[in-house]
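A closer look at the structure
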Amino acid sequence: MTQNARRGRTWIARSLVALTTVSLVTGCAANEQGDKWSDLVGTLSGGGSTAQAVAQDTWISHIQRNNSRVTIEYDPAGSGAGKVQFLAGAFSYATSDAALYAEEAQQGSPRCVDGSGAIDLPVYVSPLVLIFNIDGVEELRLDATSVAGIFNGTIDQWNDPALVALNPGVPLPAERVISVHRSDDSGTTENFTDYLHQAAPDSWPDEPSNTFPYSGEGAQGNSGVVNAVSTGSNTIGYVDASRAAGQSVASLKVGDTFVDYSPEAAAAIVDASPLVERENPNDIVVAVDRASTADGVYPLVLVSYVIACQDYVDANESLLVKEFLEYVASPEGQAAAAESTGSAPLSESFSTRILESIRSIG
């Protein structure tokens, strides 16, 4: 087992211990949430992001354990489909790995009170990582420029001088680089290409896109990328960190230091990033600063949103959405998602900010 793989397993083990502690501390909060839900009746429909699918299942399971009279249906149809169906009135709430455009937020949904619009709530943060399988190499250090070169094809040998300079003493082989990207349209690709465009614009001039813009080996979904990298030779690919267990993972250069991914570092980049100015202060959109050189941040992250009405026409639907999202953004809900997916729990200060917006829902 490589050192990076051991680190991955150790990180997961430590995270589970920490999350168990959080669950014990928040036991009272769970009971209070259960008491709230005991009086509620009705059905919510939601859908969108596949990245959030496991987290949504986790959150929904908690709510329905507290009250069998509440039903929440979630369709992981993809971020784009989720937004379209919410704006058309098919969903009570949507999820997306990209926020609504400002005009879409102002438009809202037929389920929203006229003129109230919709709000974006960033409730799911997950590190993305570069997994590799290089003959004779246990550790790999990369910067944004070298990652861009690997995935746009300008760096095609593992012993390229740029990679050797970043990895002194590492026996990088004189072998062809096999880069593996997502063959399907995905929020993971959009966030990955956003990182490259921001952090290495000269090497990656392409605008962020959910469709990978260069050649290379394509694979379907995170699981397909993991399989292609792990069963291949001299391979590298990008995946959600929850899929990295047992894989060798590269560290990324941030400022003058190389950073390993962690939930804390992923959450820190959200805290260090500005918010997009929106007409409604409850509409929270993060402009992830992927070129940040701040200490302790990991800039390669996926930020995924829940989208809801600011005010609902149906009072009971409003109450159900508000109570559900309060759990989602709470420390308990964030810890539950982290345990099931490896996501990065929101920091206390950012969670508080999100909860303020959720409580404004009418």
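No experiment lies behind these values; they were computed from the predicted model shown.

What about the packing of aromatic side chains?
Describing an aromatic ring pair means giving the distance of the ring centres and the angle of the ring planes. In this structure the tally under the stated criterion is nine aromatic pairs. Ring plane angle 70° and centroid distance 6.3 Å describe the contact between Phe-151 and Phe-212, whose orientation is recorded as edge-to-face. Residue Phe-151 is located in helix α6 (residues 144-152), and its partner Phe-212 is located in the loop between α8 (187-199) and β7 (217-219); the two are separated by 61 residues in the primary sequence. For the pair formed by Phe-151 and Phe-212, the shared burial category is buried. Both rings, one in Phe-212 and one in Tyr-238, keep their centres 6.3 Å apart while their planes meet at 25°; by these two values the pair is stacked. Of this pair, Phe-212 sits in the loop between α8 and β7 while Tyr-238 sits in strand β8 (residues 235-240), and the two are 26 residues apart along the sequence. In this structure, Phe-212 and Tyr-238 share a single accessibility class: buried. Through a chain of ring-to-ring contacts, three or more aromatic side chains come together here, namely Phe-151, Phe-192, Trp-204, Phe-212, Tyr-214 and Tyr-238. Cation over ring: Lys-83 sits above Tyr-101, and NZ or CZ is 5.7 Å from the ring centre.

Some points on the state of the cysteines
Evaluated as defined, the whole model comprises one disulfide. Through a disulfide, Cys-112 is tied to Cys-309; the S-S separation comes to 2.1 Å. Across the S-S bond of Cys-112 and Cys-309 the torsion is about -80°, and the bridge reads as left-handed. A residue pair is termed long-range when its members are at least 10 positions apart, and Cys-112 in the loop between α5 (102-107) and β4 (118-133) and Cys-309 in strand β12 (residues 301-309) qualify at 197 residues. Residue classification places Cys-309 among the buried residues on the basis of a relative accessible area of 0%.

What about the confidence of the model for the protein?
For the protein, per-residue confidence averages 88 on the pLDDT scale, and 90% of positions sit at 70 or higher. Low pLDDT (under 50) marks residues 1-35, which in the prediction has 40 contacts with non-local residues, meaning those over four places away or in another chain.

So, the pattern of salt bridges
A full pass over the atoms with the stated rule returns six salt bridges. The salt bridge partner of Arg-278 is Asp-283, with a shortest N-O separation of 2.7 Å. Residues Arg-278 and Asp-283 agree in their burial class; the two are buried. The residue Arg-359 makes a salt bridge to Glu-326 at a minimum N-O spacing of 3.7 Å.

What about the sheet that holds strand β5 (residues 141-142)?
Sheet architecture is open: three strands sit in the order β5-β10-β11, paired in mixed fashion. Unpaired on one side and paired on the other, β5 and β11 (257-259) mark the two borders of the sheet. Pairing geometry for strand β10 (residues 251-254) and β11, over three bridges, is antiparallel. Of the residues in β11, the one forming a bridge with Leu-252 is Val-259.

Overview of the side chain of Asp-283
Positionally, Asp-283 belongs in the loop between α10 (263-272) and β12. Since its relative accessible area comes to 6%, Asp-283 is described here as buried. At 2.7 Å, the side chain of Asp-283 and the side chain of Arg-278 are in polar contact.

About the cut-offs
- Residues numbered from 1 in each chain as written.
- Predicted model: local features only at pLDDT ≥ 70, side-chain atom pairs only at ≥ 80, totals over all residues.
- Heavy atoms only, no water.
- Phe/Tyr/Trp six-rings, centres within 6.5 Å; stacked < 30°, edge-to-face > 60°.
- Helix = DSSP H or I, 4+ residues; strand = E, 2+ residues; numbered from the N terminus.
- Buried < 20%, exposed > 50% of the residue type's maximum accessible area, 1.4 Å probe, protein only.
- Lys NZ or Arg CZ within 6 Å of the ring centre and 35° of its normal.
- Disulfide = S-S within 2.5 Å.
- pLDDT = per-residue confidence, 0-100.
- Contact = heavy atoms within 4.5 Å.
- Salt bridge = Lys/Arg side-chain N within 4 Å of Asp/Glu carboxyl O.
- Pairing = 2+ DSSP bridges.
- Polar contact = N/O pair within 3.5 Å; in protein donor to acceptor, adjacent residues only side chain to side chain.

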